[in-house]
Every structure is written in structure tokens, then in C-alpha cells.
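Architecture at a glance
Chain by chain, the residues run as shown.
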Amino acid sequence: MRSSRQAISANDARADEYGVLAGLLNDAPAPLFLLPGNHDDPALMRAAFPAHGYFPREGPLSYAIDEFPVRLVAIDQIVFGETHGDFTPEHARWLEERARRRAGQAHDHRAPPSAVSHP
């Protein structure tokens, strides 16, 4: 578990780390939306953060939040057992469906998703 004024994260998909993080975030002074990373476990995240009702009940933790002037879209690209993510055709279909639901509103798709790696 790492914590600082700038970032708070659970890094190893462990229920105890999620529990500590949930406690730290209970009194967040602003709306807070979680995004799974490459080491996260969707089932453990759902269990640790039951108040985060924007998480789908099953499957990837992808979601769209339309409650603000700017739309928030999170795409869960976890590849279980790997340290990288993957934007698949299924992700593209999910994103397109969300875009269709917002017909008539501008969407900025300047560049297709691309592979990103780090050392």
C-alpha cells in the first residue's frame, strides 16, 4: 500500500489493501471514481467498495459517468496474470455502445488506442 498527498493506491489485489484504501476514501471531500489497474481483482474491488455503485455487477469494471459537465469513461483493460492491459475488440464495442447512447454529443477520437509499455 502506498499513500501520499498526491496518490493513494492498492497495488497487489489483496483484500487487506483494498480495505485500507476504502477506509482512507470514506470521507473524500469530492466525488471519487475508482479505476482498476493491471494488478487489480474486480471481485475484490466490488467487495471492498460496495458504495461505488457505478461498478457493473459482473465482468470488467468498465463504466461511464454522465452526472457531470464532462463525461467520465473508464475501461477495464486488465489481462489477468499479466502486467499489461489490452484494448480488445470487445472493449471497442463497449465504448461504441456508450457513444451511441450519447447520440448528438461530440466525441473526440483523435487517435486509436495504442500499445503502451514501460520498463
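The paragraphs below set out a description of the structure included in this document. Fair warning: this is a prediction, and the values are worked out from it, not measured in the lab. (Residues numbered from 1 in each chain as written. Predicted model: local features only at pLDDT ≥ 70, side-chain atom pairs only at ≥ 80, totals over all residues. Heavy atoms only, no water.)

**Examining the overall build of the chain**
Counting its secondary structure elements, the chain contains three helices and four strands. When its helices and strands are written in sequence order, the chain yields β-β-α-α-β-β-α. Taking all 119 residues of the chain together, 25% fall into the buried category. Residue pairs at least 24 apart in sequence account for 38% of intrachain contacts in the chain once pairs closer than 6 positions are excluded. Counting only carbon and sulfur atoms, one obtains 53% of the accessible surface of the chain, whose full area is about 8,600 Å². (Helix = DSSP H or I, 4+ residues; strand = E, 2+ residues; numbered from the N terminus. Buried < 20%, exposed > 50% of the residue type's maximum accessible area, 1.4 Å probe, protein only. Contact = heavy atoms within 4.5 Å. Areas by Shrake-Rupley, 256 points an atom, 1.4 Å probe, with all protein chains shown as cover.)

**Observations concerning the environment of D40**
One can find D40 in the loop between α1 (15-25) and α2 (42-48). The contact partners of D40, leaving out residues within four places of it in the chain, are A10, A13, Y18, L35, M45, I78 and F80. Here the side chain of D40 touches Y18 through a polar contact of 2.6 Å, side chain to side chain. At 2.6 Å, the side chain of D40 forms a polar contact with the backbone nitrogen of G37. (Polar contact = N/O pair within 3.5 Å; in protein donor to acceptor, adjacent residues only side chain to side chain.)

**Notes on the packing of aromatic side chains**
Counted by the stated rule, this structure contains six aromatic pairs. Each ring, one from Y18 and one from F49, has its centre 6.2 Å from the other, and the planes form 70 degrees; the classification is edge-to-face. Taken as a pair, Y18 in helix α1 and F49 in the loop between α2 and β3 (63-65) lie far apart in primary sequence, 31 residues in all. In this pair, the class of Y18 matches that of F49, namely buried. Members of the aromatic cluster, each reached through a chain of ring pairs, are F33, Y54, F55, Y63 and F68. (Phe/Tyr/Trp six-rings, centres within 6.5 Å; stacked < 30°, edge-to-face > 60°.)

**Focus on the pattern of salt bridges**
Two side chains with opposite charge may pair up if their charged atoms get near one another. Within this structure, the stated rule accounts for five salt bridges. Close ionic contact of E17 with R14 constitutes a salt bridge, the shortest N to O distance being 3.7 Å. Under the relative-accessibility criterion, E17 is labelled buried at 4%. The class of R14 is partly exposed, set by a relative accessible area of 39%. (Salt bridge = Lys/Arg side-chain N within 4 Å of Asp/Glu carboxyl O.)

**As for the nonpolar core**
If you look at the biggest cluster of nonpolar residues, it comprises 14 residues, and the most contacted ones within it are L34, M45, F49, Y54, F55 and Y63. Elements supplying a minimum of two residues to this core: α1 and β3. If you tally residues by element for this core, the top one is α1, at four residues. (Core = buried A, V, L, I, M, F, W, Y, C linked by side-chain atoms within 4.5 Å.)

**Concerning the environment of L32**
Along the chain, the position of L32 falls in the loop between α1 and α2. Along the chain, L32 and H52 lie 20 residues apart, while their C-alpha atoms are 8.8 Å from each other. When sequence neighbours within four positions are dropped, the list of residues in contact with L32 reads L25, H52 and Y54.

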